[in-house]
Structure formats: structure tokens, C-alpha cells
Amino acid sequence: MIDKIKVGIIGYGNLGKGAVEGIKATEDMELVGVFSRRDPKNLAVEDESIKKFHVDEAKDFVGKIDVMLLCGGSATDLPEQTPEFARLFNTVDSYDTHAKIPEFYQAANEAAKASEHIAIISVGWDPGLFSINRVIGEAILSKSETYTFWGKGLSQGHSDAVRRVNGVKDGVQYTIPSDEAIEKVRSGSNPELSTSDKHNRVCYIVPEDSADKNKIENEIKTMPNYFVDYNTEVHFITEEELKRDHSKAPHGGFVITGGETGENNKQIYEFSLNLDSNPEFTSSVMVAYARAAYRLNKEGQSGAKTLFDIAPSYISPKTNEELRRDYL
């Protein structure tokens with residue numbers, strides 16, 4: 001019987017629920033418990049065997065949890081939670097505000113180094129798997145251009161951002177890629193494309209009863225790092241419409257690197273995802289990297305890490321011998 005990696009989850013929204021399912025699907029991990037800001041007695045979990053705790057109780061589990069999955073939002077939760085919990089545990093988060101990742105890394109690195117823990121940041125598919133494939137494409141094709149297209153899909157981070165706008169009761173945001181732009185890239189012509197050429201962002205918002213809709217729309221469209229550089233549509237709908245038409249969370253996208261080798265030979269490197277559930281896939285990536293956080297820390301490493309720093313063998317449940325035999 002192997003010693004299982006003991007995992008905790010901070011936050012029980014869509015990402016946290018997906019993490020529960022991801023841990024259940026493994027054979028080398030066990031879920032110690034879910035920690036929430038809500039009263040544990042009022043936290044509805046589908047599996048009654050899951051232990052529930054208030055987030056303030058997390059500190060009592062130092063030494064009892066090997067890796068803590070931080071499943072909060074990037075807008076306000078993770079900038080505080082990652083440094084806080086990296087002082088207590090090895091952590092994995094899905095921070096996705098691309099423009100602020102360097103400063104987020106510094107804060108996580110300082111906390112994790114000081115406590116001799118591992119903090120793996122920005123884990124998911126973008127940032128995450130897409131990031132890796134951008135690096136691989138350009139490393140192989142020196143004379144190249146790389147393009148990223150997201151969607152069509154519901155963005156967790158952007159949806160979380162719109163829900164935090166004053167006067168918004170609930171809402172979601174979809175990212176819609178331009179088919180025309182994708183075909184230009186796949187042709188190998190390496191076109192010049194602006195941010196707005198590649199995507200539109202479409203928001204469906206349930207406003208509070210007394211909310212100023214014009215103010216909500218303006219705040220969303222001018223939100224830095226999220227909407228200001230995009231063609232953004234804001235549609236106001238009812239709670240019933242949101243539940244009926246927008247309860248699922250599909251997503252996906254493409255990373256395409258186009259370049260030339262030798263005598264003008266066009267080469268296209270493409271990585272794509274087509275996801276029925278964005279949060280469940282993201283949390284599955286986080287669960288895999290919890291394995292890496294545990295292994296790296298067992299080796300005596302500490303500090304913040306990104307997916308660029310971690311070899312694939314660290315996230316696989318298979319041994320290196322099995323990987324060489326069955327996959328190489």
C-alpha cells in the first residue's frame with residue numbers, strides 16, 4: 001500500500017468541486033478536507049463523506065496536508081491566499097491575470113522560500129498548458145510567430161471578474177475567436193492581428209434590481225487586464241435565462257506557431273483543447289501538479305515554480321521506468 005499524497009482544497013466553487021472529482025480519480029492521493037469561508041454546516045457537498053472546515057481552521061492542518069489546492073478567484077482571492085498559505089503548505093493555484101504574473105510570482109516565491117515549501121502558480125490550460133506550447137513552438141521554429149485563440153467558451157476568470165462589479169447579481173463571459181483570423185494563421189501567412197482582430201468578449205449579466213445598467217456596462221468594458229483591449233458586448237438577462245442558457249462551462253482554444261525552416265518550408269505547430277467543462281479540466285491540471293509539488297518538496301526544493309520549471313515526469317503517477325518503456 002503506497003503512502004497517499006494528502007491534499008486539501010481551499011474554496012468550494014466550480015473549481016473546488018472539480019478538484020474533488022480530480023482527486024477521486026487518482027490512486028495516489030486522498031482528500032483531507034475542503035476549507036471554505038462559508039460556515040461548514042451550510043456548505044452543501046455532493047459526497048457527504050467529504051470533511052468540511054472553515055478556512056480559519058486550515059492552520060491546524062500544518063503537517064497533516066502535503067499539498068493545498070487554492071481554488072479561489074484571481075481578481076482578489078489568490079493574491080492574498082497564495083502567499084498566506086504558501087507559508088503553511090505546499091500549494092498549487094490557477095492565477096490567471098497574465099499581466100500581473102511576474103509580481104504574483106515574486107510574492108509567492110518569497111513566502112514559499114521562507115517556509116521551505118513549493119508554490120506552483122498559474123496552473124491550468126492558459127496560463128498553463130498553452131504557455132508551455134507557446135514556448136515549445138517558438139523554441140523549435142526560431143523564425144516564427146505564435147498566435148493564441150481562446151474559445152468559444154465560458155471564461156472562469158473573466159466571469160469571476162464581471163460578478164465582482166458593483167450592481168452585478170450574477171453573470172458569465174464568453175470568449176469568441178475569429179474563424180477568419182484562425183484560417184489566416186493556419187495558412188502560414190503569419191498575419192499581423194490586433195487583440196480585437198482575434199476575439200470578441202460577450203457578457204451576460206443579471207443586474208441587481210436597482211443597479212445602473214449603463215454604469216455596469218461601462219465598468220466592464222473599461223476593466224484593465226480583462227476587457228479594455230477587446231470588442232466587448234454586454235447583454236442584460238434574467239436569473240432564469242442565466243440558469244437555463246448558461247449553466248455549463250465549455251471552453252477550449254488553439255496555440256498556433258507558424259514558421260519557416262530551410263528553403264522557405266512552411267511549418268505549423270498547433271496545440272488545441274475542446275473542453276466540455278473548463279473548471280473541471282483546470283482543476284484536473286491542478287491535481288496533477290499537486291503530485292509535482294509534493295515530489296519537488298520531498299527532494300528538498302522550495303520556492304515558487306511555474307509549469308516551465310517542471311518536467312512532465314513529476315506530474316505523472318507512473319514511474320520514470322514506466323514512462324520510458326510505455327511512452328518514449
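Keep in mind that this is a model prediction, so the values were computed, not measured. (Residues numbered from 1 in each chain as written. Predicted model: local features only at pLDDT ≥ 70, side-chain atom pairs only at ≥ 80, totals over all residues. Heavy atoms only, no water.)

### Some thoughts on the packing of helix H1 (residues 14–24) against helix H10 (residues 278–298)
In contact at an axis separation of 8 Å, H1 and H10 are set at 55° when each is read in the N-to-C sense. One element, H1, and the other, H10, form an angle in the oblique class. Crossing of H1 against H10: the hand is right-handed. Taken together, the residues of H10 that come into contact with H1 (itself represented by Asn14, Leu15, Gly18, Ala19, Gly22 and Ile23) are Pro279, Glu280, Thr282, Ser283, Met286 and Val287. (Axes fitted to C-alpha atoms, helices over the stretch in contact; angles between N-to-C directions. Helix = DSSP H or I, 4+ residues; strand = E, 2+ residues; numbered from the N terminus. Parallel < 35°, antiparallel > 145°, perpendicular 65-115°, else oblique. Left-handed = near helix turned anticlockwise from the far one by under 90°. Contact = heavy atoms within 4.5 Å.)

### Brief notes about the nonpolar core
Ile9, Leu69, Val92, Ile120, Val123 and Tyr289 are the most contacted members of the largest nonpolar core, which has 39 residues in total. Only strand E1 (5–10), H1, strand E2 (29–36), strand E4 (67–70), strand E6 (118–120), helix H4 (129–140), strand E13 (265–275) and H10 provide two or more residues apiece to this core. The element that contributes the greatest number of residues to this core is H10, accounting for eight residues. Apart from residues no more than four positions distant in its own chain, Val92 is found in contact with Val67, Met68, Leu69, Leu70, Ile120, Val123, Met286, Tyr289, Ala290 and Ala293. (Core = buried A, V, L, I, M, F, W, Y, C linked by side-chain atoms within 4.5 Å. Buried < 20%, exposed > 50% of the residue type's maximum accessible area, 1.4 Å probe, protein only.)

### Some words on the side chain of His117
Turning to its location among the elements, His117 is positioned in the loop between helix H3 (101–115) and E6. In this structure the side chain of His117 is engaged in a polar contact, spanning 2.8 Å, whose partner is the side chain of Ser115. (Polar contact = N/O pair within 3.5 Å; in protein donor to acceptor, adjacent residues only side chain to side chain.)

### Some remarks on the packing of helix H2 (residues 77–86) against H3
Where H2 contacts H3, the two axes come as close as 7 Å, and the packing angle between them is 15°. Taken together, the axes of H2 and H3 are roughly parallel relative to one another. In the packing of H2 onto H3, the handedness of the crossing is right-handed. In this structure, H2 contributes Leu78, Pro79, Thr82, Pro83 and Ala86 to the contact, and H3 contributes Phe104, Ala107, Ala108, Ala111, Ala112 and Ser115. Among the residues forming the contact of H2 with H3, the class breakdown is nine nonpolar, two polar and no charged. (Nonpolar A, V, L, I, M, F, W, Y, C, P; charged D, E, K, R; others polar.)

### Quick look at the packing of aromatic side chains
Counted according to the given criterion, the structure contains eight aromatic pairs. Over the ring of Phe254 we find Arg186; its NZ or CZ atom is 4.9 Å from the centre of that ring. Above the plane of the ring of Tyr230 lies Arg201, whose end atom (NZ or CZ) is 4.0 Å from the centre. (Phe/Tyr/Trp six-rings, centres within 6.5 Å; stacked < 30°, edge-to-face > 60°. Lys NZ or Arg CZ within 6 Å of the ring centre and 35° of its normal.)

### Describing H3
In this model H3 runs 21 Å from its N-terminal to its C-terminal C-alpha over 15 residues, within 8% of the 21 Å that 1.5 Å per residue would give. Taken together, the buried positions of H3 are occupied by Ile101, Phe104, Ala108, Asn109, Ala111 and Ala112. Just beyond H3, the residue with positive phi is Glu116, at close to 60°. (Expected span 1.5 Å × (residues − 1).)

### Some thoughts on the sheet that holds E13
Across the sheet, which stays open at both edges, the three strands sit in the order E7-E12-E13 with antiparallel pairing between neighbours. Whereas interior strands pair on both sides, the edge strands pair on one side only; in this sheet they are strand E7 (144–150) and E13. Strand after strand, the sheet turns through a mean of 10° between neighbouring axes, direction not considered. As paired strands, E7 and strand E12 (residues 251–261) are joined by seven bridges and run antiparallel to one another. Within E12, the position partnered with Tyr147 by the bridge is Ile256. (Pairing = 2+ DSSP bridges.)

### Structural notes on the pattern of salt bridges
As enumerated under the stated definition, the model contains 16 salt bridges in all. Linking Arg134 and Asp126 is a salt bridge whose minimum nitrogen-to-oxygen distance equals 2.7 Å. In this structure, Arg186 and Glu270 form a salt bridge, with 2.9 Å as the shortest nitrogen-oxygen distance. Remark: Glu270 occurs in strand E13 and Arg186 occurs in helix H6 (residues 179–186); sequence separation between them is 84 residues. Residues joined by salt bridges that share partners form a network here, namely Arg37, Asp77, Asp160 and Arg164. (Salt bridge = Lys/Arg side-chain N within 4 Å of Asp/Glu carboxyl O.)

### Quick word on a negative patch on the surface
Together, Asp56, Glu57, Asp60, Glu80 and Glu84 give the surface a local cluster of negative charge. The residue Glu84 is located in helix H2 in this model. Accessibility expressed as a relative area gives 42% for Glu84, which makes it partly exposed. (Patch = residues over 30% accessible without salt bridge, like charges linked within 9 Å, V, L, I, M, F, W, Y side chains within 5 Å. Areas by Shrake-Rupley, 256 points an atom, 1.4 Å probe, with all protein chains shown as cover. Lys, Arg positive; Asp, Glu negative; His and termini not counted. Charge placed at Lys NZ, Arg CZ, Asp CG, Glu CD.)

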